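Structure assessment
Here is how the chains run, residue by residue.
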Amino acid sequence: LLNKPKNAISTTDDERDRRTVLDVVEKATGKRVYPVGRLDRNTTGLLLLTNDGELSHRLMHPSYSIRKVYQVETNTTLGDEQLSQLRQGVTLEDGPARAYRLDRHPVLANVVRLSIIEGRNHQVKRMIEAVGAEVINLKRTTYANLSLGDLRMGKWRLALLKEINELRQLTKLLDKKSLDL
């Protein structure tokens, strides 16, 4: 689990020699790992890296409805009508999208917590734009059963065996690799 900093590219290598998420976790595991999905260059937060191709594929496949939660700072306070639109669904160029859960930040008026299960390109930013606002900062705080907790920006930790088994249960990969805890 990596708390991805800004300006780190969610890829294994970059043709323009920019800093990648693999540069951040440099030889952490001794195994070849790669990111599960992507976060935009300027998006921060939870990024899972793995060497398990089948688990990675299933985590990204829409049929498994893997929940992703984002803290979204916008350029304006979203009104009740805008929040309602996001909950009911907005139309994007690649189809409808909706927030499966959406809550206002308890203190910051221009921050919401938005949960989605799809993972389309720039989806959260496009959803916010569809209701007439702009994303200023975007941070993924939760991916499936995993959360950042107190993991500082730019730091990483190994996933616990319990967390890995929960991911395997969510994606229906219960086999000899799953251990009883």
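Coordinates for the structure precede this section.
The paragraphs below set out a description of the structure included in this document. Quick caveat: nothing in here was measured; it's all calculated off a predicted structure. (Residues numbered from 1 in each chain as written. Predicted model: local features only at pLDDT ≥ 70, side-chain atom pairs only at ≥ 80, totals over all residues. Heavy atoms only, no water.)

What follows deals with the nonpolar core. Ranked by size, the top nonpolar core spans 30 residues in total, and within it Val72, Leu78, Leu86, Leu114, Val124, Met127 and Ile128 carry the most contacts. For this core, the secondary-structure elements that each account for two or more residues are helix 1 (21-25), strand 5 (68-74), helix 3 (80-88), strand 6 (90-92), strand 9 (111-116), helix 4 (123-130) and strand 10 (135-143). Looking at this core, the element that brings in the most residues is helix 1, giving 4 residues. With residues up to four places along the chain from it excluded, the contact list for Leu78 reads Leu83, Leu86, Arg104, Val112, Ile128, Val131 and Ala133. Formed by 13 residues, the second largest nonpolar core is a distinct cluster that contains Leu48, Leu55, Ala144 and Leu146. (Core = buried A, V, L, I, M, F, W, Y, C linked by side-chain atoms within 4.5 Å. Buried < 20%, exposed > 50% of the residue type's maximum accessible area, 1.4 Å probe, protein only. Helix = DSSP H or I, 4+ residues; strand = E, 2+ residues; numbered from the N terminus. Contact = heavy atoms within 4.5 Å.)

Moving on, we get to unusual backbone geometry. A positive phi angle, close to 55°, is found at Ala144, a residue other than glycine. Turning to its location among the elements, Ala144 is positioned in the loop between strand 10 and strand 11 (146-147). Residue Ala144 is classed as buried on the basis of its relative accessible area of 7%. The phi angle at Lys172 is positive, at roughly 60°, despite the residue not being glycine. Mapped onto the secondary structure, Lys172 falls in the segment after helix 5 (161-170). Taking the relative accessible area as the measure of exposure, Lys172 reaches 63% and is therefore exposed.

Moving on to the environment of Leu83. With respect to the element layout, Leu83 can be found in helix 3. Note: C-alpha distance between Leu83 and Thr20 (63 residues apart in sequence) is 34 Å. Not counting residues up to four positions away in its chain, the partners in contact with Leu83 are Leu78, Leu102, Arg104 and Val112.

All chains considered together, the criterion is met by 11 salt bridges. Between Asp52 and Arg168 there is a salt bridge, with its nearest N and O atoms 3.0 Å apart. Here Asp52 is found in the loop between strand 4 (49-50) and helix 2 (53-60), whereas its partner Arg168 is found in helix 5, with 116 residues between them in sequence. A salt bridge links Arg157 to Glu163, with the shortest nitrogen-to-oxygen separation between them at 2.7 Å. (Salt bridge = Lys/Arg side-chain N within 4 Å of Asp/Glu carboxyl O.)

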